[in-house]
Amino acid sequence: MTTQKVLCWKDIPGAPAVGVVLTRLDEIADGGACILSLGSDAQTFGIILLRSGDAVFAYVNRCAHFGLPLASEVKFLYPAPHKHITCSVHYARYRWSDGVCDKGDCEGEFLLKIPVVVVSGDVVVATD
Ligand code: FES
């Protein structure tokens, strides 16, 4: 059973606009992860960034199972570099490169992917 009703990252309140710089590529180790929280306390938009070489995969920090954040700190994503991350609530496991749940209560569902590009070392929100 899942509660995921929103199908596009842009539908989440507080979603960043195209062109917003999220971080610097060199702030994330190769095979590493980063959790960002944009906005104010009243409305935050959580992002998980996963780096593989010069590529970055970005997902809304919102589990497909119950719509809760996967984790508040990287260590609680239990990342297996370049392979998967795991939700800290009920341990659904998501593939690194496409965000699909391959093990757990929401198997076959997916994290909401945010398009990003690296421009001059900056990780920037891109158009779909
Ligand atoms: S909220 Fe249940 S696995 Fe993430």
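Please refer to the structure higher up on the page.
Residues numbered from 1 in each chain as written. Predicted model: local features only at pLDDT ≥ 70, side-chain atom pairs only at ≥ 80, totals over all residues.

Engineer: Just to check I follow, could you spell out the overall build of the chain for this structure?
Structural biologist: If you tally the helices and strands in the chain, you get zero helices and 10 strands. Listing the helices and strands of the chain from first to last along the sequence gives β-β-β-β-β-β-β-β-β-β. Along the first, second and third principal axes, the C-alpha atoms of the chain reach 40 × 30 × 25 Å. Per-residue burial over the chain gives 28% buried out of 128 residues. (Helix = DSSP H or I, 4+ residues; strand = E, 2+ residues; numbered from the N terminus. Buried ≥ 20, exposed ≤ 12 C-beta atoms within 10 Å, placed from the backbone.)

Engineer: Looking at this structure, how should I read the pairing of strand S3 (residues 43–52)?
Structural biologist: Each regular strand shows side chains that alternate between the opposite faces of the sheet. Pairing of strand S2 (residues 33–40) with S3 involves eight bridges; the strand directions are antiparallel. Bridging from a neighbouring strand, Leu36 pairs with Ile47 of S3. Counting the residues between successive antiparallel strands, the hairpin from S2 to S3 contains two residues. Linkage of S3 to strand S4 (residues 55–60), two consecutive antiparallel strands, is achieved through a turn of two residues, within which Gly53 is found at a positive phi near 65°. (Pairing = 2+ DSSP bridges.)

Engineer: Help me out: how do you make sense of the nonpolar core in this one?
Structural biologist: Side chains of nonpolar character tend, in soluble globular proteins, to be buried together. The biggest cluster of nonpolar side chains holds 28 residues, and the ones touching the most others in it are Leu49, Ala58 and Tyr59. Dropping the residues within four chain positions of it, Leu49 is found in contact with Leu22, Thr23, Ile28, Ala33, Cys34, Leu36, Val56, Ala58 and Val123. (Core = buried A, V, L, I, M, F, W, Y, C linked by C-beta atoms within 7 Å. Contact = placed C-beta atoms within 7 Å.)

Engineer: I'm lost on the environment of Val60 in this one. Help?
Structural biologist: With respect to the element layout, Val60 can be found in strand S4. With 25 C-beta atoms packed within 10 Å, Val60 lands in the buried category. Put simply, Val60 and Lys10 are 50 residues apart on the chain and 9.8 Å apart in space, counted from C-alpha to C-alpha. Other than its neighbours up to four places away in sequence, Val60 contacts Trp9, Ile12, Gly46, Ile47, Leu111, Leu112 and Ile114.

Engineer: So what exactly am I meant to see when it comes to the sheet that holds S4 here?
Structural biologist: Within a sheet, adjacent strands bond to each other through the backbone by hydrogen bonds, running parallel or antiparallel. The four strands lie next to each other as S2-S3-S4-S8, forming an open sheet whose pairing is antiparallel. Only two strands of the sheet have a single partner each, and these edge strands are S2 and strand S8 (113–114).

Engineer: Hey, could you run me through the sheet that holds strand S10 (residues 122–125) in this one?
Structural biologist: Pairing in this open sheet of three strands is antiparallel, and the strands run S1-S10-S9 from one edge to the other. Taken across any chain shown, the strands that pair with only one partner, and hence form the sheet edges, are strand S1 (21–24) and strand S9 (116–119). On average, each strand axis in the sheet is inclined to that of its neighbour by 30°, with strand direction left out of account. When S1 meets S10, the two strands line up antiparallel, connected through three bridges. Each bridged residue has a counterpart across the sheet, and for Thr23 the counterpart in S10 is Val123. (Axes fitted to C-alpha atoms, helices over the stretch in contact; angles between N-to-C directions.)

Engineer: Sorry, what's going on with unusual backbone geometry here?
Structural biologist: If a residue is not glycine, its phi is most likely negative; likewise, a peptide bond is most likely trans. Its identity is not glycine, yet Tyr91 carries a phi of approximately 70°, on the positive side. Within the secondary structure layout, Tyr91 lies in the loop between strand S5 (84–86) and strand S6 (93–95). Despite not being glycine, Ser120 shows a phi value in the positive range, around 50°. For Ser120, the location among the structural elements is in the loop between S9 and S10.

Engineer: For this particular structure, what's the right way to read the environment of Val125?
Structural biologist: In this fold, Val125 is placed in strand S10. The sequence separation of Val125 and Asp102 amounts to 23 residues, and the corresponding C-alpha distance is 26 Å. Ignoring sequence-local partners within four residues, the contact set of Val125 consists of Pro16, Ala17, Val18, Gly19, Val20, Leu22, Ile114 and Val116.

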